Amino acid sequence: MLESLAEIRDDMAQRLQEGATNRKSALHSPVVATTDADARVMVLRAFDRVGWRLRFHTDARSPKCAMIGDGAPVGVLFYDREAKLQIRCRGRGWIERDTPLADAAWQESTNFARRCYLGEGPGAVSDSPTSGLPPQFEGVEPTDAELEPARENFAALLVELETADWFSLAHTGHRRAQIDLASGEGQWLAP
Ligand SMILES: Cc1cc2nc3c(=O)[nH]c(=O)nc-3n(C[C@H](O)[C@H](O)[C@H](O)COP(=O)(O)O)c2cc1C
């Protein structure tokens, strides 16, 4: 049982680190919410404890990129069923496309992952069920040269978390706390 806000903050940092690095972690695929009342699952690619910064990869043509732009409020919801834990974060997000950070994120992706950016943009309407990929790349890993046109569709979404609402389920009584992540200040709440 975590007994102090400081312990909770440290525990959240460890869990986010694990979420970014362990594909089997429940925190690897949070829900990312935008101000248009839309929300979607995204894979957490990196977590930087200094600055509480999350990195996601996405298609620059997707609606969420237009919504987030250069600093919109973003919600990130983590749920670990086994740990009986909900972490509900608010922060600011921004999209990077042509920066060293986006280049590095592209470099660290596999060609299979990069393939997603070769096709139609997310939400493009089709007459029939479609992957959106050009037919020659269905089930096929493209070469580096074939992936060149995909790079401009790739973007990194960065989210700097500001607050966390931590909720722990327990038979003995649930616990809830709100924490300002930068300062560590916060308060206990009735769940
Ligand atoms: C398990 C899972 C993981 C996903 N991971 C990502 C991701 O890392 N990046 C992403 O842009 N979309 C991801 N998606 C798709 C999004 O949930 C969403 O459908 C897509 O990004 C559409 O963009 P929009 O939300 O801007 O309309 C994932 C979907 C699922 C089911």
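Residues numbered from 1 in each chain as written. Predicted model: local features only at pLDDT ≥ 70, side-chain atom pairs only at ≥ 80, totals over all residues. Heavy atoms only, no water.

## Here we look at the overall build of the protein chain
(1) Moving on: From N to C terminus, the protein chain includes 4 helices and 9 strands.
(2) Moving on: Secondary structure of the protein chain in N-to-C order comes out as α-β-β-β-β-α-β-β-α-α-β-β-β.
(3) Moving on: Counting only C-alpha atoms and orienting by the principal axes, one finds that the protein chain spans roughly 55 × 30 × 30 Å.
(4) Moving on: Considering only contacts in the protein chain between residues 6 or more positions apart, those separated by 24 or more positions represent 62%.
(5) Moving on: Counting every atom, the protein chain has about 10,800 Å² of accessible surface; 50% of that belongs to carbon and sulfur.
(6) Moving on: Averaged over its 22 positive side-chain charges, the protein chain has a centre that lies 5 Å from the centre of its 29 negative ones. (Helix = DSSP H or I, 4+ residues; strand = E, 2+ residues; numbered from the N terminus. Contact = heavy atoms within 4.5 Å. Areas by Shrake-Rupley, 256 points an atom, 1.4 Å probe, with all protein chains shown as cover. Lys, Arg positive; Asp, Glu negative; His and termini not counted. Charge placed at Lys NZ, Arg CZ, Asp CG, Glu CD.)

## So, the site of the ligand
(1) Moving on: With respect to spatial proximity, the complete set of residues near the ligand consists of R40, V41, M42, V43, R45, H57, T58, S62, P63 and K64.
(2) Moving on: At a separation of 2.6 Å, an oxygen atom of the ligand approaches a polar side-chain atom of R40.
(3) Moving on: K64 is positioned with one of its side-chain polar atoms (N or O) 2.7 Å from an oxygen atom of the ligand.
(4) Moving on: The set of elements that each furnish at least two residues to the shell around the ligand consists of β2 (39-41), β4 (53-59) and α2 (63-68).
(5) Moving on: Residue classes in the shell around the ligand are distributed as 4 nonpolar, 3 polar and 3 charged. (Near = heavy atom within 4 Å. Polar contact = N/O pair within 3.5 Å; in protein donor to acceptor, adjacent residues only side chain to side chain. Nonpolar A, V, L, I, M, F, W, Y, C, P; charged D, E, K, R; others polar.)

## Describing the nonpolar core
Proteins that are soluble and globular tend to have nonpolar side chains buried together.
(1) Moving on: Grouped together as the largest cluster of nonpolar side chains are 33 residues, with contacts concentrated most on L54, F56, V76, F78, I87 and L161.
(2) Moving on: Broken down by secondary-structure element, the contributors of at least two residues to this core are α1 (5-21), β4, α2, β5 (70-80), β6 (85-96), β7 (154-168) and β8 (175-180).
(3) Moving on: Those residues in contact with L54 that sit more than four places away from it in its chain are L16, L44, A46, F47, V76, F78, L157, L158, V159 and L161.
(4) Moving on: A105, L118, F137 and F154 belong to the second-largest nonpolar core, a separate cluster that totals 8 residues. (Core = buried A, V, L, I, M, F, W, Y, C linked by side-chain atoms within 4.5 Å. Buried < 20%, exposed > 50% of the residue type's maximum accessible area, 1.4 Å probe, protein only.)

## Here we look at the pairing of β4
(1) Moving on: Of all 7 residues that make up β4, 6 are buried, and the element is covered over most of its length.
(2) Moving on: In this structure, strand β3 (residues 46-48) lies alongside β4, joined through 3 bridges in antiparallel fashion. Its bridge partner being in β4, F47 is matched across the sheet by L54.
(3) Moving on: Between the end of β3 and the start of β4, which pair antiparallel, lie 4 residues, with G51 showing a positive phi angle near 90°.
(4) Moving on: Both β4 and β7 contribute to a ladder of 7 bridges, which runs antiparallel. Residue pairing in the sheet places L54 in a bridge with V159 of β7. (Pairing = 2+ DSSP bridges.)

## Focus: the pattern of salt bridges
Close approach of charged atoms allows side chains of opposite charge to pair.
(1) Moving on: Evaluation of the coordinates by the stated rule reveals 8 salt bridges.
(2) Moving on: Taking the shortest distance from any N to any O, the salt bridge between R15 and D11 comes out at 2.7 Å. Placement of both R15 and D11 in helix α1 is noted, with a separation of 4 residues, approximately one turn of the helix.
(3) Moving on: Two residues, R15 and D80, come together in a salt bridge whose shortest N-O distance is 3.9 Å. A residue pair is termed long-range when its members are at least 10 positions apart, and R15 in helix α1 and D80 in strand β5 qualify at 65 residues.
(4) Moving on: Residue D80 is classed as buried on the basis of its relative accessible area, which comes to 14%.
(5) Moving on: Taken together, the shared-partner salt bridges connect D11, R15 and D80 into one network. (Salt bridge = Lys/Arg side-chain N within 4 Å of Asp/Glu carboxyl O.)

## Some details on α1
(1) Moving on: The terminal C-alpha atoms of α1, which comprises 17 residues, lie 25 Å apart, in line with the 24 Å expected from a rise of 1.5 Å per residue.
(2) Moving on: Here α1 has its buried residues at L5, I8, R9, D11, M12, A13, L16, G19 and A20. (Expected span 1.5 Å × (residues − 1).)

## Topic: the packing of aromatic side chains
(1) Moving on: Taken as a whole and assessed by the stated rule, the structure comprises 4 aromatic pairs.
(2) Moving on: Considering the side-chain rings of W106 and F154, the 5.2 Å spacing of their centres and the 55° angle between planes classify their relative orientation as tilted. Placement of W106 in helix α3 (residues 100-108) and of F154 in strand β7 is noted, with a sequence separation of 48 residues between them.
(3) Moving on: By relative accessible area, F154 is classed as buried at 1%.
(4) Moving on: Site record: aromatic cluster; members linked through ring pairs are W106, Y117 and F154. (Phe/Tyr/Trp six-rings, centres within 6.5 Å; stacked < 30°, edge-to-face > 60°.)

In short, geometric facts, not functional conclusions.
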